[in-house]
Amino acid sequence: MKHEAILALYSSAVSVTEKKDGTVTAYDANGNVVSWDASAVATKQTELENAAKLDELRTERNKRLSDTDHYGLSDQTMTDAMTTYRQALRDITDSYTSLDDVVWPTKP
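Description of the structure in this document. Because the structure is predicted, anything quoted here is derived from the model rather than measured.

**Considerations on the pattern of salt bridges**
Here the idea is simple: oppositely charged side chains can pair when their charged atoms come close.
Point 1. Within this structure, the stated rule accounts for six salt bridges.
Point 2. Where E47 meets K44, a salt bridge forms, and the shortest distance between an N and an O atom there is 2.9 Å. Of this pair, E47 and K44 both sit in helix 2 (residues 38-66), separated by three residues, roughly a single helical turn.
Point 3. On the basis of relative accessibility, which here comes to 43%, the residue E47 falls in the partly exposed class.

**Notes on helix 2**
Point 1. Compared with an ideal rise of 1.5 Å per residue, which puts 29 residues at 42 Å, helix 2 spans 41 Å between its outermost C-alpha atoms and is within 8% of the ideal.
Point 2. If you check which residues of helix 2 are buried, you get V41, K44, Q45, L57, R61 and L65.
Point 3. On its buried face, helix 2 is in contact with helix 1 (2-9), helix 3 (80-90) and helix 4 (92-95).
Point 4. Put simply, D37 is the residue that caps the front of helix 2, since its side-chain oxygen is 3.1 Å from the backbone nitrogen of S39.

**With respect to the side chain of T68**
Point 1. With respect to the helices, strands and loops of the structure, T68 is situated in the loop between helix 2 and helix 3.
Point 2. A distance of 2.9 Å separates a polar atom in the side chain of T68 from the backbone oxygen of L65.
Point 3. Side-chain polar atoms of T68 contact the side chain of R86, separated by 2.6 Å.
Point 4. Excluding its chain neighbours within four sequence positions, the residues that come into contact with T68 are M82, Y85, R86 and K107.

**Digging into the sheet that holds strand 1 (residues 15-18)**
Point 1. Read from one edge of the open sheet, three strands run 1-2-3, paired in antiparallel fashion. Two strands in the sheet have a free side with no partner beyond their single neighbour: strand 1 and strand 3 (33-34).
Point 2. One ladder, built from two bridges, connects strand 2 (residues 24-27) with strand 3; its direction is antiparallel. What sits directly across from Y27, in strand 3, is V33.
Point 3. Helix 1 contacts strand 1 and strand 2 of the sheet and is inclined by roughly 150° relative to strand 1.

What counts, and at which threshold
Residues numbered from 1 in each chain as written. Predicted model: local features only at pLDDT ≥ 70, side-chain atom pairs only at ≥ 80, totals over all residues. Heavy atoms only, no water. Salt bridge = Lys/Arg side-chain N within 4 Å of Asp/Glu carboxyl O. Helix = DSSP H or I, 4+ residues; strand = E, 2+ residues; numbered from the N terminus. Buried < 20%, exposed > 50% of the residue type's maximum accessible area, 1.4 Å probe, protein only. Expected span 1.5 Å × (residues − 1). Contact = heavy atoms within 4.5 Å. Polar contact = N/O pair within 3.5 Å; in protein donor to acceptor, adjacent residues only side chain to side chain. Pairing = 2+ DSSP bridges. Axes fitted to C-alpha atoms, helices over the stretch in contact; angles between N-to-C directions.

Limitation: the analysis is restricted to geometry and does not speak to function.
Below is the structure:
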């Protein structure tokens, strides 16, 4: 994720390499070294990691919503409990930020 953070923060950087000793170097299109701030990169890395976790949460949420879509078809009547469950799924990202901390509502 550090590579992505550097590339996101420094528009002149087009590639990033990491040596076996952990040294990370960014380069521009001409092969020149691009200097970067470790603190800014760490902050951006955390931001990107959190965004990835939220994306995973949304993906699982969407799967659970998809599993109940058939209740909304015109030839079926959705129960109040199912409507409440589906709304709780939609609202899940208001309270949780990753699959690590989520508490899923109980499917009726």
